[in-house]
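Chains, contacts and geometry: an overview
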Amino acid sequence: GLAFFARLPAPQDGLAVFSQMLEAAQTLGTELDAELQDETHSDLSRPTIEHIREEILEYNRQLQLAKTRT
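There is a patch of nonpolar side chains on the surface, built from Leu-2, Phe-4, Leu-28 and Leu-32 and spanning about 390 Å² of accessible area. Relative accessible area serves as the criterion here: at 30%, Leu-28 is assigned to the partly exposed category.

Here you go:
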C-alpha cells in the first residue's frame, strides 16, 4: 500500500496542496487499479473528501484567528 499525506501549515494554500495530492492519488489509483481509502481504511468517498476540505478550511480559520490575536 501507499500512503499520501501533507502537513499543515504548508508553504502553499492547504486546499491547493490537498487538491494536488488527491489528484495524484486518484491518477495513481486509476493506473494501478487500486482503491483509495481514508484514514480509517474506508473507501474514500465524496462526502469524506468534502469533510477533509472543511477540516482544512477550519484549520486555516483557526490559524488566521491566532495570528490576529498576537
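Between helix H1 (residues 14-32) and helix H2 (residues 46-69), the shortest axis-to-axis distance is 9 Å and the interhelical angle comes to 155 degrees. Accordingly, the angle class assigned to the pair H1 and H2 is roughly antiparallel. For H1 against H2, the interelement crossing comes out right-handed. When H1 is examined against H2, the residues Gly-14, Leu-15, Phe-18, Ser-19, Leu-22 and Gln-26 are found in contact with a partner set consisting of Ile-49, Ile-52, Arg-53, Ile-56 and Leu-57. Considering only residue class, the contact of H1 with H2 consists of seven nonpolar, three polar and one charged.

Moving on, we get to the layout of surface pockets. Looking at the largest pocket, its volume works out to about 870 Å³. If you trace the largest pocket, you find 28 residues lining it, with Phe-4, Phe-5, Met-21, Gln-37 and Asp-38 closest to the centre. Of all the elements in the fold, those that place two or more residues in the lining of the largest pocket are H1 and H2. Each residue belonging to the lining of the largest pocket can be placed in one class, and the counts come to 19 nonpolar, five polar and four charged.

So, about the pattern of salt bridges. In total, this model carries two salt bridges according to the counting rule given. Across the salt bridge formed by Arg-53 and Glu-50, the nearest N and O atoms sit 2.9 Å from each other. Residue Arg-53 and its partner Glu-50 are located together in helix H2, separated by three residues, close to a single helical turn.

This part takes up the side chain of Asp-38. Residue placement: Asp-38 occurs in the loop between H1 and H2. Although Asp-38 lies buried, it forms no salt bridge, and the closest oppositely charged side chain, Arg-53, sits 14 Å away as judged by the N-O distance. Non-local contacts of Asp-38, meaning those with residues more than four positions away in its chain, are made with Leu-44 and Thr-48.

How each quantity is defined
- Residues numbered from 1 in each chain as written.
- Predicted model: local features only at pLDDT ≥ 70, side-chain atom pairs only at ≥ 80, totals over all residues.
- Heavy atoms only, no water.
- Patch = residues over 30% accessible without salt bridge, like charges linked within 9 Å, V, L, I, M, F, W, Y side chains within 5 Å.
- Areas by Shrake-Rupley, 256 points an atom, 1.4 Å probe, with all protein chains shown as cover.
- Salt bridge = Lys/Arg side-chain N within 4 Å of Asp/Glu carboxyl O.
- Buried < 20%, exposed > 50% of the residue type's maximum accessible area, 1.4 Å probe, protein only.
- Axes fitted to C-alpha atoms, helices over the stretch in contact; angles between N-to-C directions.
- Helix = DSSP H or I, 4+ residues; strand = E, 2+ residues; numbered from the N terminus.
- Parallel < 35°, antiparallel > 145°, perpendicular 65-115°, else oblique.
- Left-handed = near helix turned anticlockwise from the far one by under 90°.
- Contact = heavy atoms within 4.5 Å.
- Nonpolar A, V, L, I, M, F, W, Y, C, P; charged D, E, K, R; others polar.
- 1 Å grid on protein atoms, 1.4 Å probe; cavity = no way out; pocket = protein on both sides within 12 Å on 5 of 7 lines; lining within 4 Å.
- Points joined across faces, edges and corners; volume = space filled by probe spheres on them.
- Lys, Arg positive; Asp, Glu negative; His and termini not counted.

Purely spatial values, then, with no claim about function.
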